[in-house]
Amino acid sequence: MAHAETTTDPTPSRTGQGRTTPSAPDVFGPRTHLVAKWLVPVLLALVFGWWAAANRRHGTGITGGNMLFGWLSALVFLILYVAVREIAVRLRREQHALLWAAFTGSAVGFLIYQSGRSLIQSAGIGLAVAAGMFLMAFYRYYTQEDATGQRLT
């Protein structure tokens, strides 16, 4: 069983001393992280595009227009995902969590709307998902900061 290492952060704390923080061992190398950084959004976008196109068909046959809709949905999802990921890391925890919640709620609301539900139902489900996402993301980012608001990871 691997144990967490203890590293000394050279950043001085308020007392002028270096901080000692536990860190989990990194099992994957930098190349694996780089591949995952781009592979995960692409796979999520493909699933999103397929799901949106499938919802829009309502059980009928696949058409060229349906395929185009799926590919465009995937492309827009990918662009927005990457933009949110790049912007969110620069924000404080509340804003960071709110941005991911808005993105997730909007994506789910869009998928629900493509299935034929009303705009009100789609917005309601999207808001419920966004609220849950906000709570989870806020908790995660809150637990990843020290008392001064600096990120530990």
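Conventions adopted
Residues numbered from 1 in each chain as written. Predicted model: local features only at pLDDT ≥ 70, side-chain atom pairs only at ≥ 80, totals over all residues. Heavy atoms only, no water. Helix = DSSP H or I, 4+ residues; strand = E, 2+ residues; numbered from the N terminus. Polar contact = N/O pair within 3.5 Å; in protein donor to acceptor, adjacent residues only side chain to side chain. Contact = heavy atoms within 4.5 Å. Buried < 20%, exposed > 50% of the residue type's maximum accessible area, 1.4 Å probe, protein only. UniProt positions renumbered as here; feature names shortened; annotations may be inferred.

## A look at the side chain of Q114
Here comes step 1: Locating Q114 in the fold gives a position in helix α3 (residues 93-114).
Here comes step 2: A distance of 3.4 Å separates the side chain of Q114 from the side chain of R56, its partner in a polar contact.
Here comes step 3: The contact partners of Q114, leaving out residues within four places of it in the chain, are A52, N55, R56, H58 and F69.

## Quick look at the side chain of R93
Here comes step 1: Residue position: R93 is located in helix α3.
Here comes step 2: The exposure class of R93 is buried, given its relative accessible area of 16%.
Here comes step 3: Polar side-chain contacts of R93 include one of 3.4 Å to the side chain of E94.

## Overview of the UniProt feature "transmembrane region" (unreviewed entry) in the protein chain
Here comes step 1: In the numbering adopted here, UniProt assigns the feature "transmembrane region" (unreviewed entry) to residues 34-53, 65-84, 96-113 and 119-142.
Here comes step 2: Structurally, residues 34-53 comprises 100% helix and 0% strand, and the distance from its first C-alpha atom to its last is 29 Å.
Here comes step 3: End C-alpha atoms of residues 65-84 are separated by 28 Å, and the span's content is 100% helix alongside 0% strand.

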